[in-house]
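Now for the letters of each chain:
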Amino acid sequence: MASQAMVKGHTRRDFLSSVTTVGALTGTAGAASAGYRISTLPLDLRNLGIASSVLERLSRSAPVDWEYCWDGVLSTVPQLSLLFGNKIGGLQELSAEAGFVSTPDDGIAAGVTETGRLSTLLFPSTGFTHQLPYYPHDATAQNLGAKPHAGSFGGLSVDGTTAWLWESSVDHGIDYEAGTGMLELRYDVPPAALSMGSGSDDADGRVAVTETLSVVPRTETIAREFTIRNETGVPLDGRFHYQTQANVTDNQQNFVVWESSPNRLVAADGLYWIDRDGPYELLVYADAPVDHSGVARTSPGATPAESTDDAAGLLPSVLDSDRRAVEGRYLSGVLGFDLEVPPGGSRDLTVFLTGGSDPSRLSADLVGSRERRLARGRRYWSNRVDGLAFGGLPARYREAATRAAVTVSTLADPESGSISASGNLQPSYYPTWPRDGAFASVALARTGLPGPARRYLATFLPAVQEADGSFRQCYDSRGADAGVLTIENDQQPIYAWAVREVYDETGDETFVESAWPAVRDALDYTVDAVAANGLLVATPDIQEGPTAAHQSLWTNAMAYEGLLSGATLATVADADPTPYRRAAETVGQALHDRFFERDEFITDAGFWGPQRDLKGFNGAAVWPSRWAAAFGEVGTITGALRREFRENGTAWVPGELFVVGALARAGDTDTADALLAEILTQTAPSGYLAEETTEDGEHVLGSPLGWSSSMLLLALDERFR
């Protein structure tokens, strides 16, 4: 279990208990003709517990959790029974979020789909989640996510006919308000969807609903500011409904099956969820009188089609409920508001969501004034965006850079200091990975936002560091271990590199003094992890999974850089830099001898011997690592990456941005610019970068992925600084 206190003094690890040498088929140079021979791979065996770790996490879930995720489980559990199965199910491939809102001064955050479903809810910090079950019912991808249709969303009802704003009959649009972290959504509802003026020429036109979605700064409150405009020739006389299905829980969420808590839901002038087993509560209310409210214990249908047939995808429909309180898991509630809008008229209505151990409503002056709320948000973001440091960045990149800086800053939690990898529940990327957070910290410092970087590197990570100086795979914002892997040997030297980069940017010696004990222990861990062949002991790294345990170009190039950075920091801290310089030289030389002294360089040495699996992130050996320059391999690596881009295009976004930085450092600005242009065509509908874009243009995995935005900022800085 992770330590919650700063590690004091030197710690050394005994590898004899956790590291062994295993036989592996290893090809020699010219192996196609010479055959294969048995060689050895120094391997950290602690990660082989991944299968038992995942199964233990799954065992915590209640039967209803499995009911909600059964189709995802059926595709996943068989893979978990195989040690060498690296994919953690179809659930991990869903990325519902098209937009994400929070502020650097609030812990609450939310992700929203392109059709306006609030599908991810994070509170009391960006690195801890509660559930808004959501399932897309995609006929070509039945295993993507949990069912039923749910989340938190609005709708219009006229004479018993309800049109939910997410329905396919509604035209949708989404974008960020320029220079802010506030989303703008559009819903054009055809009158026919509401049976308005059926058969009458006056029914031409539309009901135009617009929304500004944001977190009201420093209030821990999400505001959904709806405006309903009647652009038809007939009166709009009905109700606006706002529905939410949620489970408030103190539990971490699994990668495959959620872990719910028993809740109590009460409806009155708002909806109020209470976790019966924990400290958290969720409150949904509005700035208008509630005309109708109801709650229900809902469940998915027996089939996807059955769930879809119901208007909200919920059985039974909560719209038909007049209950005021209910207990259970995955509880649904609805608020109804009288809606009378004449032709050409409009009506404003705002719905608020807030949560925590003791959630409270906004002050009366903020509840009562939309103008004041929006002005507060715009002023807040203007103050931050105006202070961003973009130096000589060309105008054509400033909008993308601003969106990236806003995105990364909203993933930083002001209280705990954690920096979430992504604002996602599906996949479960809401925790913080030390590797991702390190790059985010450097990007924020470079952009003129060093505060979150200092908190993360000098406060949060030292508090969760293991006694041996290592970090676990990932942590939630409370500092609890949230991963299934025990150790990834790239994270420790990357931490040292990030501290040195932030120090170079800020010149803050007090920051180095605070971080140094943890940096020192991470460096000592890294020195002790150098195996007899001069490379770091094989573990998963940027490539996560039990069969990804390898000695890689990525890990060892970053270890070289991290050890050199550590030597610099040791000098600042009045410590001896010699062990770290010596270890850097050992790792650097071994990497060159074993990976590059052959006909064609390799990228990995693992279970199946030497491999050349060239990916964009291998550009890290050129940038930000100084390894390739020190050992004369800049041209070798960038030449291979250049050919890969020209032949196969882009793939994983952070990796391709490592290529941009590497090419820029090598002086090939033309190819770097071409690759940048290609990457910037792949933004999500609201303008930020996700983790990956499929050939069909679908954004998958983390969305927004903080690392994608961090790498964009760093690559632009390398290209134009």
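Residues numbered from 1 in each chain as written. Predicted model: local features only at pLDDT ≥ 70, side-chain atom pairs only at ≥ 80, totals over all residues. Heavy atoms only, no water.

Student: Got a minute to help me understand the pattern of salt bridges in this structure?
Tutor: As a working rule, side chains carrying opposite charge can pair if their charged atoms are close by. One pass over the full model with this rule turns up 42 salt bridges. Put simply, E327 and R264 hold a salt bridge, and the shortest N to O gap is 3.2 Å. Remark: R264 occurs in strand 14 (residues 263-267) and E327 occurs in strand 18 (residues 325-328); sequence separation between them is 63 residues. The exposure class of E327 is partly exposed, given its relative accessible area of 35%. Its relative accessible area of 30% is what places R264 among the partly exposed residues. For D673, the salt bridge is made with R719, and the minimal N-O distance between the two is 2.7 Å. In this pair, D673 sits in helix 18 (residues 669-679) while R719 sits in helix 19 (residues 706-720), placing the two residues 46 residues apart along the sequence. (Salt bridge = Lys/Arg side-chain N within 4 Å of Asp/Glu carboxyl O. Helix = DSSP H or I, 4+ residues; strand = E, 2+ residues; numbered from the N terminus. Buried < 20%, exposed > 50% of the residue type's maximum accessible area, 1.4 Å probe, protein only.)

Student: What is the right way to look at helix 7 (residues 370-385) in this model?
Tutor: The periodicity of an α-helix, 3.6 residues per turn, causes residues three or four positions apart to be oriented the same way. With 16 residues, helix 7 extends 22 Å between its outermost C-alpha atoms, agreeing within 8% with the 22 Å of an ideal straight helix rising 1.5 Å per residue. For helix 7, the set of buried residues is R370, R373, L374, G377, Y380, W381 and V385. Down the axis of helix 7, the buried side of the element spans an arc of 125°, and every buried residue falls inside it. Of the residues in helix 7, the exposed ones pointing more than 90 degrees away from the buried face are E371, R379 and N383. The elements touched by buried residues of helix 7 are strand 11 (207-216), strand 12 (221-230), strand 20 (346-356), helix 6 (364-367) and helix 8 (398-410). (Expected span 1.5 Å × (residues − 1). Arc of directions from axis to C-beta. Contact = heavy atoms within 4.5 Å.)

Student: Just to check I follow, could you spell out the sheet that holds strand 23 (residues 609-611) for this structure?
Tutor: The sheet built from 3 strands is open, its strands ordered 21-22-23 with antiparallel pairing. What marks the edges here is a single partner per strand, and that holds for strand 21 (550-552) and strand 23. For this sheet, the mean inter-axis angle between neighbouring strands, taken without regard to orientation, is 20°. One ladder, built from 3 bridges, connects strand 21 with strand 22 (residues 604-606); its direction is antiparallel. Within strand 22, the residue paired with H550 across the bridge is G606. (Pairing = 2+ DSSP bridges. Axes fitted to C-alpha atoms, helices over the stretch in contact; angles between N-to-C directions.)

Student: So what exactly am I meant to see when it comes to the pairing of strand 15 (residues 270-275) here?
Tutor: Within a regular strand, side chains alternate between the sheet's two faces. Sheet topology places strand 14 next to strand 15; 5 bridges connect them, and they run antiparallel. Among the inter-strand pairings, A267 is bridged to a residue of strand 15, identified as L271. Where strand 14 folds back on strand 15, the antiparallel hairpin that results is connected by 2 residues. Between strand 15 and strand 16 (residues 281-286), which pair antiparallel one after the other, the connecting turn spans 5 residues.

Student: Mind showing me how you'd approach the packing of helix 9 (residues 434-446) against helix 11 (residues 491-506) here?
Tutor: How two helices sit against one another is set out by the angle between their axes and by the gap between those axes. Relative to each other, helix 9 and helix 11 sit at 10°, their axes nearing to 9 Å. Compared by their axis directions, helix 9 and helix 11 come out roughly parallel. Between helix 9, through P434, R435, A438, F439, S441, V442, A445 and R446, and helix 11, the contact on the second element is made entirely by Q491, I494, W497, A498, E501, V502 and E505. Among the residues making up the contact of helix 9 with helix 11, the classes are represented as 9 nonpolar, 2 polar and 4 charged. (Parallel < 35°, antiparallel > 145°, perpendicular 65-115°, else oblique. Nonpolar A, V, L, I, M, F, W, Y, C, P; charged D, E, K, R; others polar.)

Student: Is there a simple way to explain the packing of helix 16 (residues 634-648) against helix 17 (residues 653-666) in this structure?
Tutor: Between helix 16 and helix 17, whose axes approach to 10 Å, the crossing angle comes to 130°. The orientation of helix 16 relative to helix 17 falls into the category oblique. The two elements helix 16 and helix 17 meet at a crossing, and its hand is left-handed. Seen from helix 16, the contacting residues are V634, T638, L641 and R642; seen from helix 17, they are V659, A662, L663 and A666. For the contact of helix 16 with helix 17, the class distribution of residues is 6 nonpolar, 1 polar and 1 charged. (Left-handed = near helix turned anticlockwise from the far one by under 90°.)

Student: Whenever I open this one, the environment of A531 confuses me. Can you help?
Tutor: In this structure, A531 sits in the loop between helix 12 (509-528) and strand 21. Each C-alpha atom of the pair A531 and L43 lies 9.2 Å from the other, and the pair is 488 residues apart in sequence. Excluding anything up to four places from it in sequence, A531 contacts P42, V537 and Q551.

Student: Before we go on, may I ask you to explain the environment of Q131 in this structure?
Tutor: Structurally, the position occupied by Q131 is in the loop between strand 6 (129-130) and strand 7 (152-158). Residue class for Q131 comes out buried when judged on its relative accessible area of 1%. Along the chain, Q131 and W258 lie 127 residues apart, while their C-alpha atoms are 8.4 Å from each other. Q131 has contacts with Q245, A246, N247, T249, Q253, W258, E259, S260, Y330 and L425, leaving out every residue within four places of it along the chain. A distance of 2.4 Å separates the side chain of Q131 from the side chain of Q253, its partner in a polar contact. (Polar contact = N/O pair within 3.5 Å; in protein donor to acceptor, adjacent residues only side chain to side chain.)

Student: It is not clear to me how the pairing of strand 19 (residues 331-341) should be interpreted in this structure. Could you clarify?
Tutor: In terms of residue burial, strand 19 counts as a mostly covered element, since 9 of its 11 residues are buried. Across 6 bridges, strand 17 (residues 292-297) lies against strand 19 in antiparallel orientation. Across the sheet, the residue bridging to R297 is L331, located in strand 19.

Student: Please clarify how unusual backbone geometry should be interpreted in this entry.
Tutor: Most peptide bonds take the trans configuration, and most residues that are not glycine carry a negative phi. Note that the residue after F123, namely P124, is joined by a cis bond; omega there is 0°. For P124, the position within the fold is in the loop between strand 5 (118-122) and strand 6. With a phi close to 60°, D574 is a non-glycine residue in the positive phi region. Looking at the secondary structure, you find D574 in the loop between helix 13 (553-572) and helix 14 (578-595).

Student: Could you clarify how one ought to interpret the packing of aromatic side chains in this entry?
Tutor: Two measures describe an aromatic ring pair: the distance that separates the ring centres and the angle between the ring planes. According to the stated counting rule, one finds 27 aromatic pairs in the structure shown. Seen in terms of ring centroids, Y380 and W381 are 5.3 Å apart; in terms of plane orientation they differ by 85°. Their pairing is edge-to-face. In this structure, Y380 and W381 share a single accessibility class: buried. Here the aromatic rings of F439 and W497 are separated by 4.7 Å at their centres, their planes lie at 45°, and the arrangement is tilted. Here F439 is found in helix 9, whereas its partner W497 is found in helix 11, with 58 residues between them in sequence. Pair check on accessibility: F439 and W497 agree, each one buried. Through a chain of ring-to-ring contacts, three or more aromatic side chains come together here, namely F439, W497, W554, F617, W623, W652, F658 and W707. Between R117 and the ring centre of F153, over which it is positioned, the NZ or CZ distance is 5.0 Å. (Phe/Tyr/Trp six-rings, centres within 6.5 Å; stacked < 30°, edge-to-face > 60°. Lys NZ or Arg CZ within 6 Å of the ring centre and 35° of its normal.)

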